[in-house]
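Residue-level structure breakdown
The primary structure of each chain is shown beneath.
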Amino acid sequence: DQQVKQNSPSLSVQEGRISILNCDYTNSMFDYFLWYKKYPAEGPTFLISISSIKDKNEDGRFTVFLNKSAKHLSLHIVPSQPGDSAVYFCAVSTGTASKLTFGTGTRLQVTL
Amino acid sequence: GAVVSQHPSRVICKSGTSVKIECRSLDFQATTMFWYRQFPKKSLMLMATSNEGSKATYEQGVEKDKFLINHASLTLSTLTVTSAHPEDSSFYICSAKPAGARRLEQFFGPGTRLTVL
(Lines give C-alpha, C1' and ligand atoms only; values in the text may rest on other atoms or scores of the structure.)
Protein backbone atom coordinates (compact mmCIF):
# COMPACT_ATOMS: atom_id res chain seq x y z
CA ASP A 1 0.00 0.00 0.00
CA GLN A 2 1.88 3.03 -1.30
CA GLN A 3 1.19 5.94 1.02
CA VAL A 4 3.20 8.37 -1.04
CA LYS A 5 2.91 8.43 -4.81
CA GLN A 6 4.69 10.22 -7.58
CA ASN A 7 2.53 9.41 -10.57
CA SER A 8 4.93 10.64 -13.20
CA PRO A 9 7.91 8.29 -13.44
CA SER A 10 9.66 10.67 -15.80
CA LEU A 11 9.59 14.26 -16.98
CA SER A 12 11.47 16.05 -19.72
CA VAL A 13 11.85 19.82 -19.63
CA GLN A 14 13.77 22.24 -21.76
CA GLU A 15 16.57 24.22 -20.16
CA GLY A 16 15.32 27.55 -18.82
CA ARG A 17 11.72 26.39 -18.45
CA ILE A 18 9.90 25.43 -15.29
CA SER A 19 9.96 21.86 -13.99
CA ILE A 20 7.01 20.79 -11.86
CA LEU A 21 7.23 17.55 -9.95
CA ASN A 22 4.19 16.25 -8.13
CA CYS A 23 3.62 14.07 -5.10
CA ASP A 24 0.39 12.78 -3.54
CA TYR A 25 -0.03 11.24 -0.12
CA THR A 26 -2.86 9.44 1.60
CA ASN A 27 -2.37 10.00 5.32
CA SER A 28 -3.53 13.37 6.67
CA MET A 29 -1.36 12.81 9.75
CA PHE A 30 1.80 13.50 7.76
CA ASP A 31 3.08 16.87 8.89
CA TYR A 32 6.48 17.35 7.33
CA PHE A 33 7.37 17.01 3.69
CA LEU A 34 10.74 16.86 2.01
CA TRP A 35 12.22 16.62 -1.45
CA TYR A 36 15.41 14.74 -2.22
CA LYS A 37 17.48 14.62 -5.35
CA LYS A 38 19.38 11.52 -6.39
CA TYR A 39 22.08 11.09 -9.00
CA PRO A 40 23.01 7.60 -10.26
CA ALA A 41 25.29 5.65 -7.91
CA GLU A 42 24.84 8.24 -5.18
CA GLY A 43 22.56 8.48 -2.17
CA PRO A 44 19.68 10.96 -2.08
CA THR A 45 20.57 14.49 -1.02
CA PHE A 46 18.18 16.83 0.74
CA LEU A 47 16.79 19.63 -1.37
CA ILE A 48 13.97 21.48 0.38
CA SER A 49 11.25 20.85 2.93
CA ILE A 50 7.99 22.26 4.22
CA SER A 51 5.97 21.77 7.36
CA SER A 52 2.22 21.39 7.38
CA ILE A 53 1.72 24.83 8.89
CA LYS A 54 2.91 26.42 5.65
CA ASP A 55 1.75 26.17 2.08
CA LYS A 56 4.88 27.42 0.36
CA ASN A 57 8.61 27.39 0.94
CA GLU A 58 11.16 28.86 -1.41
CA ASP A 59 14.90 28.40 -1.68
CA GLY A 60 16.54 29.92 -4.70
CA ARG A 61 15.31 28.20 -7.83
CA PHE A 62 13.35 25.65 -5.81
CA THR A 63 9.87 26.16 -4.40
CA VAL A 64 7.73 23.58 -2.68
CA PHE A 65 3.97 24.00 -2.51
CA LEU A 66 1.72 22.11 -0.12
CA ASN A 67 -2.02 21.65 -0.57
CA LYS A 68 -3.18 19.90 2.57
CA SER A 69 -6.80 19.58 1.55
CA ALA A 70 -5.77 17.79 -1.63
CA LYS A 71 -2.94 15.91 0.13
CA HIS A 72 -0.65 17.08 -2.63
CA LEU A 73 2.73 18.72 -2.80
CA SER A 74 4.76 19.88 -5.70
CA LEU A 75 8.30 21.00 -6.39
CA HIS A 76 8.90 23.79 -8.85
CA ILE A 77 12.33 24.35 -10.34
CA VAL A 78 12.77 27.54 -12.30
CA PRO A 79 14.71 28.05 -14.40
CA SER A 80 15.61 24.41 -14.99
CA GLN A 81 19.26 23.64 -15.69
CA PRO A 82 20.91 20.55 -17.19
CA GLY A 83 22.52 19.82 -13.81
CA ASP A 84 19.03 19.38 -12.37
CA SER A 85 18.69 16.13 -14.33
CA ALA A 86 18.27 13.48 -11.62
CA VAL A 87 15.65 11.40 -9.86
CA TYR A 88 13.56 13.38 -7.39
CA PHE A 89 11.90 11.75 -4.40
CA CYS A 90 9.34 13.29 -2.13
CA ALA A 91 9.32 12.05 1.45
CA VAL A 92 6.93 12.54 4.33
CA SER A 93 7.02 12.22 8.07
CA THR A 94 4.69 12.48 11.03
CA GLY A 95 4.86 13.42 14.68
CA THR A 96 8.12 13.15 16.53
CA ALA A 97 9.48 10.21 14.59
CA SER A 98 12.59 10.47 12.46
CA LYS A 99 11.18 7.96 10.02
CA LEU A 100 10.71 8.99 6.40
CA THR A 101 8.31 7.46 3.90
CA PHE A 102 9.43 7.98 0.34
CA GLY A 103 7.58 8.31 -2.94
CA THR A 104 8.44 6.29 -6.02
CA GLY A 105 10.54 8.98 -7.63
CA THR A 106 10.37 11.03 -10.81
CA ARG A 107 13.26 11.10 -13.25
CA LEU A 108 13.76 14.64 -14.51
CA GLN A 109 15.64 15.23 -17.74
CA VAL A 110 16.52 18.81 -18.56
CA THR A 111 17.37 19.14 -22.22
CA LEU A 112 19.37 21.82 -23.98
CA GLY B 1 31.02 17.59 5.71
CA ALA B 2 28.29 15.05 6.50
CA VAL B 3 29.63 12.26 4.32
CA VAL B 4 28.29 8.74 4.61
CA SER B 5 30.06 5.85 2.95
CA GLN B 6 28.95 2.31 2.23
CA HIS B 7 31.05 -0.71 1.55
CA PRO B 8 30.96 -2.58 -0.70
CA SER B 9 29.29 -0.58 -3.44
CA ARG B 10 28.45 -3.73 -5.31
CA VAL B 11 28.43 -7.38 -4.31
CA ILE B 12 27.52 -10.60 -6.05
CA CYS B 13 27.11 -13.72 -3.97
CA LYS B 14 25.82 -17.25 -4.23
CA SER B 15 22.48 -18.26 -2.83
CA GLY B 16 22.73 -19.40 0.76
CA THR B 17 25.71 -17.26 1.71
CA SER B 18 25.68 -14.24 4.02
CA VAL B 19 26.68 -10.76 3.02
CA LYS B 20 27.69 -7.88 5.27
CA ILE B 21 27.25 -4.26 4.23
CA GLU B 22 28.93 -1.47 6.17
CA CYS B 23 27.66 2.06 6.62
CA ARG B 24 30.03 4.67 8.03
CA SER B 25 29.60 8.31 8.91
CA LEU B 26 32.98 9.74 7.98
CA ASP B 27 33.01 13.16 9.60
CA PHE B 28 30.31 13.10 12.22
CA GLN B 29 28.90 10.89 14.93
CA ALA B 30 25.56 9.29 14.16
CA THR B 31 23.30 8.37 17.03
CA THR B 32 20.79 6.90 14.62
CA MET B 33 21.25 5.09 11.34
CA PHE B 34 18.58 3.91 8.95
CA TRP B 35 18.61 1.08 6.45
CA TYR B 36 16.53 1.28 3.28
CA ARG B 37 15.91 -1.06 0.39
CA GLN B 38 15.03 0.04 -3.10
CA PHE B 39 13.56 -2.23 -5.76
CA PRO B 40 13.84 -1.19 -9.42
CA LYS B 41 11.57 1.75 -10.18
CA LYS B 42 10.23 1.68 -6.64
CA SER B 43 10.58 3.95 -3.67
CA LEU B 44 13.08 3.60 -0.87
CA MET B 45 11.51 1.35 1.74
CA LEU B 46 12.68 1.76 5.31
CA MET B 47 13.79 -1.58 6.68
CA ALA B 48 14.99 -0.69 10.16
CA THR B 49 16.21 2.04 12.44
CA SER B 50 19.28 1.44 14.56
CA ASN B 51 20.45 3.43 17.54
CA GLU B 52 24.00 3.11 18.76
CA GLY B 53 24.30 0.54 21.50
CA SER B 54 20.75 -0.76 21.31
CA LYS B 55 18.74 -3.22 19.25
CA ALA B 56 17.44 -2.14 15.89
CA THR B 57 13.76 -1.40 15.35
CA TYR B 58 12.47 -3.23 12.30
CA GLU B 59 9.61 -2.17 10.09
CA GLN B 60 6.62 -4.40 9.66
CA GLY B 61 7.31 -7.27 7.30
CA VAL B 62 11.09 -7.14 7.63
CA GLU B 63 12.58 -10.33 9.04
CA LYS B 64 14.89 -9.61 11.95
CA ASP B 65 16.74 -12.89 11.62
CA LYS B 66 17.21 -12.40 7.92
CA PHE B 67 18.54 -8.85 8.07
CA LEU B 68 20.85 -8.52 11.05
CA ILE B 69 21.73 -4.96 12.01
CA ASN B 70 24.51 -3.97 14.34
CA HIS B 71 25.24 -0.38 15.36
CA ALA B 72 28.30 -0.91 17.50
CA SER B 73 29.75 2.57 17.38
CA LEU B 74 28.69 6.13 16.64
CA THR B 75 30.22 5.94 13.17
CA LEU B 76 29.46 2.42 12.00
CA SER B 77 26.38 0.32 11.37
CA THR B 78 26.34 -3.00 9.56
CA LEU B 79 23.59 -4.87 7.77
CA THR B 80 24.09 -8.60 7.30
CA VAL B 81 21.84 -10.39 4.85
CA THR B 82 21.87 -13.97 6.11
CA SER B 83 21.36 -16.98 3.87
CA ALA B 84 20.78 -14.73 0.91
CA HIS B 85 18.39 -15.75 -1.86
CA PRO B 86 17.79 -14.25 -5.31
CA GLU B 87 14.74 -12.35 -4.02
CA ASP B 88 17.09 -10.45 -1.67
CA SER B 89 18.78 -8.91 -4.68
CA SER B 90 18.22 -5.21 -4.35
CA PHE B 91 19.79 -1.82 -3.77
CA TYR B 92 20.44 -1.19 -0.08
CA ILE B 93 20.97 2.37 1.16
CA CYS B 94 21.84 3.55 4.63
CA SER B 95 21.45 6.99 6.13
CA ALA B 96 22.87 8.52 9.27
CA LYS B 97 21.46 11.14 11.58
CA PRO B 98 24.10 13.30 13.29
CA ALA B 99 24.05 13.61 17.05
CA GLY B 100 22.03 16.69 17.97
CA ALA B 101 20.55 17.02 14.49
CA ARG B 102 17.05 18.19 13.77
CA ARG B 103 14.41 15.49 13.78
CA LEU B 104 14.47 14.66 10.07
CA GLU B 105 18.03 15.53 9.20
CA GLN B 106 19.80 12.51 7.79
CA PHE B 107 22.54 11.96 5.25
CA PHE B 108 22.49 9.09 2.82
CA GLY B 109 25.19 6.74 1.69
CA PRO B 110 25.70 5.92 -2.00
CA GLY B 111 24.08 2.52 -1.70
CA THR B 112 25.11 -1.09 -2.18
CA ARG B 113 23.82 -3.18 -5.02
CA LEU B 114 23.41 -6.80 -3.96
CA THR B 115 22.96 -9.52 -6.55
CA VAL B 116 22.29 -13.04 -5.32
CA LEU B 117 22.81 -15.75 -7.90
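Above this text is the structure in question.
Presented here is a report on the structure given in the accompanying data block.

Rules used throughout
Residues numbered from 1 in each chain as written. Chains lettered and ligands numbered in written order. Predicted model: local features only at pLDDT ≥ 70, side-chain atom pairs only at ≥ 80, totals over all residues. Heavy atoms only, no water. Helix = DSSP H or I, 4+ residues; strand = E, 2+ residues; numbered from the N terminus. Rg over C-alpha atoms; globule rule 2.2 N^0.38 Å. Buried < 20%, exposed > 50% of the residue type's maximum accessible area, 1.4 Å probe, protein only. Phe/Tyr/Trp six-rings, centres within 6.5 Å; stacked < 30°, edge-to-face > 60°. Pairing = 2+ DSSP bridges. Axes fitted to C-alpha atoms, helices over the stretch in contact; angles between N-to-C directions. Contact = heavy atoms within 4.5 Å. Buried area = accessible area lost by both parts, 1.4 Å probe. Salt bridge = Lys/Arg side-chain N within 4 Å of Asp/Glu carboxyl O. Polar contact = N/O pair within 3.5 Å; in protein donor to acceptor, adjacent residues only side chain to side chain. Nonpolar A, V, L, I, M, F, W, Y, C, P; charged D, E, K, R; others polar. Core = buried A, V, L, I, M, F, W, Y, C linked by side-chain atoms within 4.5 Å.

1. Structural notes on the overall build of chain B
A tally of regular secondary structure across chain B gives 0 helices and 11 strands. Computed over C-alpha atoms, the radius of gyration of chain B comes to 13 Å, within 12% of the 13 Å expected from 2.2 N^0.38 for 117 residues, which places it in the range of a compact globule. Structurally, chain B occupies a C-alpha span of about 40 × 25 × 25 Å along its principal axes. Burial status across chain B gives 51% buried among its 117 residues.

2. Some points on the packing of aromatic side chains
Taken as a whole, this structure holds 11 aromatic pairs over all chains when the rule is applied. These aromatic residues form a ring-pair network of at least three members: Tyr36(A), Phe46(A), Phe89(A), Phe102(A), Tyr36(B) and Phe108(B).

3. Regarding the sheet that holds strand S3 (residues 19–25) of chain B
All names here are of chain B. The 4 strands lie next to each other as S1-S3-S8-S7, forming an open sheet whose pairing is antiparallel. Because the sheet does not close on itself, it has two edges, and the strands there are strand S1 (4–7) and strand S7 (67–73). Mean inter-strand twist for the sheet, computed between neighbouring axes without regard to direction, equals 15°. Pairing geometry for S3 and strand S8 (residues 76–81), over 6 bridges, is antiparallel. Within S8, the residue paired with Ile-21 across the bridge is Leu-79.

4. A word on the interface of chain A and chain B
Across the boundary between the two partners, chain A contributes 22 residues, which contact 17 residues of chain B. Carbon and sulfur atoms supply 60% of the area that chain A and chain B bury against each other, a total of about 1,500 Å² over both sides. For Lys99(A), the salt bridge goes to Glu59(B), with nearest N and O atoms at 2.6 Å. Joining chain A to chain B, the criterion identifies 2 residue pairs in polar contact (both at pLDDT 80 or more). For the side of chain A that touches chain B, the elements supplying multiple residues, two or more each, are strand S4 (32–38) and strand S9 (86–93) of chain A. In terms of residues, the side of chain A that touches chain B owes the most to one element, S4(A), which gives 4 residues. Counted by class, the side of chain A that touches chain B contains 9 nonpolar, 9 polar and 4 charged residues.

5. Some words on the pattern of salt bridges
Oppositely charged side chains can pair when the atoms bearing their charge come close. Residues and elements named next belong to chain B. The final tally for this structure, using the stated rule, is 4 salt bridges over all chains. One salt bridge in this structure joins Glu-22 and Arg-24, with 3.4 Å as the shortest N-O distance. Lys-66 serves as the salt-bridge partner of Asp-88, at 2.7 Å between the closest nitrogen and oxygen. One end of the pair, Asp-88, is in the loop between S8 and strand S9 (90–98); the other, Lys-66, is in the loop between strand S6 (57–58) and S7, and 22 residues separate them in sequence. Comparing Asp-88 with Lys-66 shows no difference in burial state: the two are buried.

6. Quick word on the sheet that holds strand S7 (residues 62–67) of chain A
Residue and element names in this part refer to chain A. Taken in spatial order, the 5 strands of this open sheet run S1-S3-S8-S7-S6, and their pairing is antiparallel. Each of the sheet's edge strands pairs with one partner strand only, and the pair in question is strand S1 (4–5) and strand S6 (56–59). Two strands pair when backbone bridges link them, and S6 and S7 are joined in this way by 4 bridges, in the antiparallel orientation. From the neighbouring strand, Lys-56 faces S7, where its bridge partner is Phe-65.

7. What about the nonpolar core?
Membership of the largest hydrophobic core comes to 25 residues, with the highest contact counts inside it found for Trp35(B), Tyr58(B), Phe67(B), Ile69(B), Leu79(B), Tyr92(B) and Leu114(B). For this core, the elements supplying multiple residues, two or more each, are strand S2 (10–13), S3, strand S4 (30–38), strand S5 (44–51), S7, S8, S9 and strand S11 (112–116) of chain B. Aside from chain neighbours lying at most four places away, what touches Phe67(B) is Arg37(B), Met47(B), Tyr58(B), Val62(B), Leu79(B), Thr80(B), Val81(B), Asp88(B) and Tyr92(B). With 23 residues, the next largest nonpolar core counts Val4(A), Leu47(A), Leu66(A) and Leu73(A) among its residues.

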